[in-house]
Amino acid sequence: MGKNTELLQGTLDLLILKAISLGPLHGYGVLLRLQQISNDTLQIPQGSLYPALYRLEHQGLVTFEWGESENKRQAKYYSLTAAGRKRLREETNYWQRLSGAIGLVLDAAPGDV
Amino acid sequence: MKLFASLKSFARASMLRSRMERDMDNEMRFHLEARTADLVRQGVPRAVAERRAYAEFGDVVKWKEAGREARGLRLLNDLGADLRYAVRTMRRSPGFTIAAVVSIALGIGANTAIFGLIDLLLLRPVPVRNPYELVHITATGERSSGSSGLSNYPWFREVASRTDLFSDVMLVRHDLYKVSISGRLEQLMGQRVTTNYFTLLGVAPVLGRTFVAADQPEKGASPVAVISYGLWQRRFSGNANVLGTPITVDQKPYTIIGVTPPEFTGILVGWTMDVIMPLDPTEFMDARNWATMPIIARMKPDVNALAVRQQIEPMLQRFAATGISERFRHRYLEHAAVDSAARGLSDLRVEFSSPLRLLMAAVGVLLLITCVNLAGLLVARNVARQHEIAMRVALGASRMRVMRQLLTESALLALLGAVPGVLLAIRSSNLLVEFLPQDFGPVSMAVRADWRILTFAFAATAGTTLLFGLIPAWQAARATVAPVVHRTSPRTSTARVRVGQALVAAQFALSIVLVAGAVLLLRTLLNLARVDTGFDREHVLVVQVDPQGTSYERDRLRVFQGEMLTALGSLPGVRHVSLSTSTPFNGNIDGKRLTVPGVEPRDADDTVIQVNLVGPNYFDVFGLPILRGRPIDGRDQAGSAPVAVVSDAFAQRYFGGAGAAIGRQFMTGSGQTAVTYEIVGVTRDVRYQNLRTASERLAYLPWFQARNVRLAPFEFVVSTNEDPARSINMIRSEIQRLRPDAPILAVRTMTGVINGRLFAERLLATLGTFFALVALTLAAVGTYGLLTHLGARRVPEIGVRLALGAHPRQMMWMTIRENLTLAVTGSLIGIAGAVVTLRVLDNLLFGLSPSDAVNLACAALILILVSLAATIVPARRAASVDPLVALRYE
């Protein structure tokens, strides 16, 4: 657990969009997929997924339908809308440029300046 | 798209509240169970797994609340709670609630009512296609402006030829017509128009057809008419077989071919055009003859009114350059004026726009007073609620949250007041419309609760809420937690008392302006009503007759006049009967060219004279003394030498005195129509058309000496022994008995006629007084509210003072003195404000100056008295404090 990384403010929405973009998921599924693809390094307060999902739904970025889960229970499956896909692209671009830039800055060796 | 999604999610969330809650619940439970199951699968014992799942999830209640907030539901939840709480608070203090609701109802109601009228008369576009393309083209000069501009057919053709500027141009002539439908005669507003009228306006008939070019009378078409929806309903019960029905208009036959839609009233705001007929251009062919006929043009989409004016001006100059006298050109055709006709044309607008604007300002001030008053009351009341608010803050409510709750209460109060206010407003502004003067014809317009009015009312309510709610809410939200913690009695900070006092003083200052304005208008009305008109108006009845367009012509009219003079003269209680063409204040003015032999005219005014054709006994009817010579009497018949009685002002101007005028001569008209009159008498000056201006020079000429029987409106004038109003019915039935078809327009008392002339003044004075009374009531309520709350706060202090030996009466005086200081301060500020703002009344006042010292002092005195009256109860309460109880309270 010591290697766990706390989420940066505002990144949860992006991560949820990414997770859902790989296929419709219910809330718990989002959590599992995020943990899986981040190799359990991301520490997400589990309950906070839901306000975030409702916020994305409110913004028209995700939509949902009721479906049956692996254990034969009714669950709410979220998927991306067109607006959601567009937002994900924009945010991903932005994030890559930002992290690239920050990486450059942090990697700078004394001789580079 | 995004907005739509948000709205959809919000709507679903708020409408399917329970469903959404259930879904949220299910979803989170599913999460917890799935997590538990996963942990169990990893070998964790079930009981431990369940606890871990919950721990990892976090506070379920908190996440649910956050989930609701994400959907915008939190606000809704809070709003519901705030509203419920507000209702409970209101129920606890019904006195305050009723005072607040009633004053808001009055404030919003008065504003909406006046706005309704302003909208109707000044703002609303006429119901035609693209009204903003319409312009009204007039010629203006020294004597004509606005809606009274002149035109004629050749000039119209000239304008219409500018197809580069206009897509269409029409000519409209408004008039009152005597319309006979199935034998019953009535007087209706109507217009003659060029046949492109309906196509230009873009108005389609609800029944039948409108005009086509072939309907033009000069081409020998059979006369046709389109009637209004109102007339169709009223006289034909909306029956479709009205088409083809013959009617007569001013004794000429017409056939009805169509009916206009119900909302269409024509372009003359305030009147509905009941009959519309094609204009006969041949009547207006003479380029030297000009008549009051608006030219209305529809501009091409890319043309504006300014450009049109620049083009029309030189055209008019060229057109008027030949065949028109210099003087006429100067008076009527100096410039071209091009005004937007989007809002229609209106004589009422000319007459009432400044009174209405003034009333709007007054009700605006009234609403401001209402707001200040409520703000004061709320500040005072929040003092009492200090403990409660402090408790909320102590329990963790944010200041924003507290403010939101207090503002919700204010909004609810405002809404409760606004609803009855608006209902009241619609009724009362229609009542006002009914009282508008009907000089030109029956005014037909109605204020309806449409989106324009409702938007205004809503904006006014929202503004009011913020204005009266914000200061108290902000004040209260700054509450400290100390009182709750220290369990002390609620104390009010001095700052808060100051705010309360400042609000009451401000309310006084604003009220002074309203009260002083109202008193000025009232005194003006009284001054005008008391103006010495020079004649006896208390005992005179006026019978208005209009023989034009009836069968009363020539000999028949002359016989009728003789008959009526005898018949009315022999009625009981009638002293004298006569007739005249320009009875004072009846609107008919008859000017003639004047030449006085041996007197050089000094200016243009010296070459015209107002004349009044009067029958024998005219001077007796009005109690006008003959200063010199003799009155006009039975001697002055057709064939006798023309004589005249002139007013004192006339005699003074041309002959230097009444005595010198007797036996002198003057001439009216010129050339063939010139008549020389010998002055046989001089009578006292009278006010003739306007109560505000001094008497004009007048010449009274004998009725029965006139060469032709005039076919113009005239009046029988009757003087009575008693109150003339009581004789109206008797006179009406006598006329009915003699000549049932007599063209009588109205029988009115002279006082009534003069009062009708004071309509705008009376409207302003009455409404102004009403608004001032409301302001005074609010001032009393505000003072009382403040003192009551301050009094409660001072109970301990007064207790100590009394215990130390102060006399109860001193406590009473202390309260009164403090309040008096407040009232006087407010009044002084108000007087300063009134001196500045009331200058706008200058043109409306009569015999008074806006900064009249007596008047301002009077207004201040009234307010201070009201404030004193409001002090009595709280002051006596202060005096009756029991020191023991008060000290125990501490």
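Scoring rules and cut-offs
Residues numbered from 1 in each chain as written. Chains lettered and ligands numbered in written order. Predicted model: local features only at pLDDT ≥ 70, side-chain atom pairs only at ≥ 80, totals over all residues. Helix = DSSP H or I, 4+ residues; strand = E, 2+ residues; numbered from the N terminus. Rg over C-alpha atoms; globule rule 2.2 N^0.38 Å. Buried ≥ 20, exposed ≤ 12 C-beta atoms within 10 Å, placed from the backbone. Contact = placed C-beta atoms within 7 Å. pLDDT = per-residue confidence, 0-100. Core = buried A, V, L, I, M, F, W, Y, C linked by C-beta atoms within 7 Å. Expected span 1.5 Å × (residues − 1). Axes fitted to C-alpha atoms, helices over the stretch in contact; angles between N-to-C directions. Parallel < 35°, antiparallel > 145°, perpendicular 65-115°, else oblique. Nonpolar A, V, L, I, M, F, W, Y, C, P; charged D, E, K, R; others polar. Pairing = 2+ DSSP bridges.

## As for the overall build of chain B
Scanning chain B from terminus to terminus reveals 27 helices and 23 strands. Taking 2.2 N^0.38 as the reference for a compact globule, 890 residues should give roughly 29 Å; the C-alpha atoms of chain B span a radius of gyration of 37 Å, well beyond that estimate. Along the first, second and third principal axes, the C-alpha atoms of chain B reach 130 × 80 × 55 Å. Burial status across chain B gives 41% buried among its 890 residues. Contacts in chain B between residues at least 24 apart in sequence constitute 83% of all its contacts with a sequence separation of at least 6.

## Points about the overall build of chain A
What chain A contains, in helices and strands, is 4 helices and 4 strands. Along chain A, from the amino end to the carboxyl end, the secondary structure elements read β-α-α-β-α-β-β-α. A total of 113 residues make up chain A; the buried ones form 32% of that total. Intrachain contacts of chain A at a sequence separation of at least 6 include 51% that bridge at least 24 residues.

## Examining the environment of His136(B)
Residues and elements named next belong to chain B. In this structure, His136 sits in strand S1 (residues 134–140). Overall, the presence of 22 C-beta atoms within 10 Å leaves His136 in the buried class. Sequence-distant contacts of His136, defined by excluding residues within four places in its chain, comprise Pro294, Ile296, Asp339, Ala341 and Leu345.

## Topic: the confidence of the model for chain A
For chain A, per-residue confidence averages 82 on the pLDDT scale, and residues scoring 70 or more make up 89% of the total. Here strand S1 (residues 5–6) of chain A is the element of chain A with the lowest mean pLDDT, 58, and helix H4 (residues 82–107) of chain A is the one with the highest, 88.

## Quick notes on the nonpolar core
Side chains that are nonpolar tend, in soluble globular proteins, to be buried together. Residues and elements named next belong to chain B. In this structure, Ile512, Val515, Phe771, Ala775 and Leu863 are the most contacted members of the largest nonpolar core, which totals 173 residues. Among the elements that take part in this core, helix H12 (residues 347–384) stands out by supplying 20 residues, more than any other. Ile512 has contacts with Ser827, Gly830, Ile831, Ala834, Ala859, Ala860 and Leu863, leaving out every residue within four places of it along the chain. Of all hydrophobic cores here, the second largest spans 54 residues; its members include Leu594, Phe619, Ala644 and Ala651.

## Some words on the interface of chain B and chain A
Interface size, as often reported, equals the accessible area lost upon joining of the parts. On the chain A side, the residues contacting the 24 residues of chain B number 19 residues. At the level of secondary structure, the elements contributing two or more residues to the side of chain B that touches chain A comprise helix H1 (2–15), helix H2 (17–41), helix H3 (46–57) and helix H4 (60–70) of chain B. The leading source of residues in the side of chain B that touches chain A is H2(B), at 8 residues.

## What to know about the confidence of the model for chain B
Residue-level pLDDT values for chain B average 84, and 92% of them are 70 or greater. Reported for the predicted complex are a pTM of 0.73 and an ipTM of 0.83.

## Remarks on H4(A)
The first and last C-alpha atoms of H4(A) sit 37 Å apart over 26 residues, in line with the 38 Å expected at 1.5 Å per residue. Counting buried positions over the 26 residues of H4(A) gives 2, only a small fraction of the element.

## Quick notes on the environment of Gly95(B)
Positionally, Gly95(B) belongs in helix H6 (residues 94–123). Note: C-alpha distance between Gly95(B) and His789(B) (694 residues apart in sequence) is 14 Å.

## Notes on the packing of helix H1 (residues 11–21) of chain A against helix H2 (residues 27–37) of chain A
Residues and elements named next belong to chain A. Across the interface, H1 lies against H2 with an axial gap of 9 Å and an inter-helix angle of 95 degrees. On the basis of the axis angle, H1 is roughly perpendicular to H2. Contacts between H1 and H2 involve Leu15, Ile16, Ala19 and Ile20 from the former and Val30, Arg33 and Leu34 from the latter. Residue composition of the contact of H1 with H2, by class: 6 nonpolar, no polar and 1 charged.

## Topic: the pairing of strand S18 (residues 643–647) of chain B
Residues and elements named next belong to chain B. Counted residue by residue, S18 has 4 buried out of 5 residues, so it is predominantly covered. Relative to strand S20 (residues 675–683), S18 is paired through 5 bridges, and the arrangement is parallel. Bridge pairing in S20 places Val645 opposite Gly681. Judged from the 2 bridges that link them, S18 and strand S21 (residues 698–702) form a sheet pairing that is antiparallel. In the strand pairing of S21, Val645 is matched with Tyr700.

## Some remarks on the pairing of strand S4 (residues 184–193) of chain B
Residues and elements named next belong to chain B. With 10 bridges joining them, strand S3 (residues 166–181) and S4 adopt antiparallel strand pairing. Paired with Val179 across the strands is Glu186, a residue of S4. In textbook terms, the turn of a hairpin is the stretch between consecutive antiparallel strands, and for S3 and S4 this stretch comprises 2 residues, one of which, Ser182, has a positive phi near 40 degrees. Pairing analysis gives 4 bridges linking S4 to strand S9 (residues 275–278), with the strands arranged parallel. Paired with Val193 across the two strands is Pro278, which belongs to S9.

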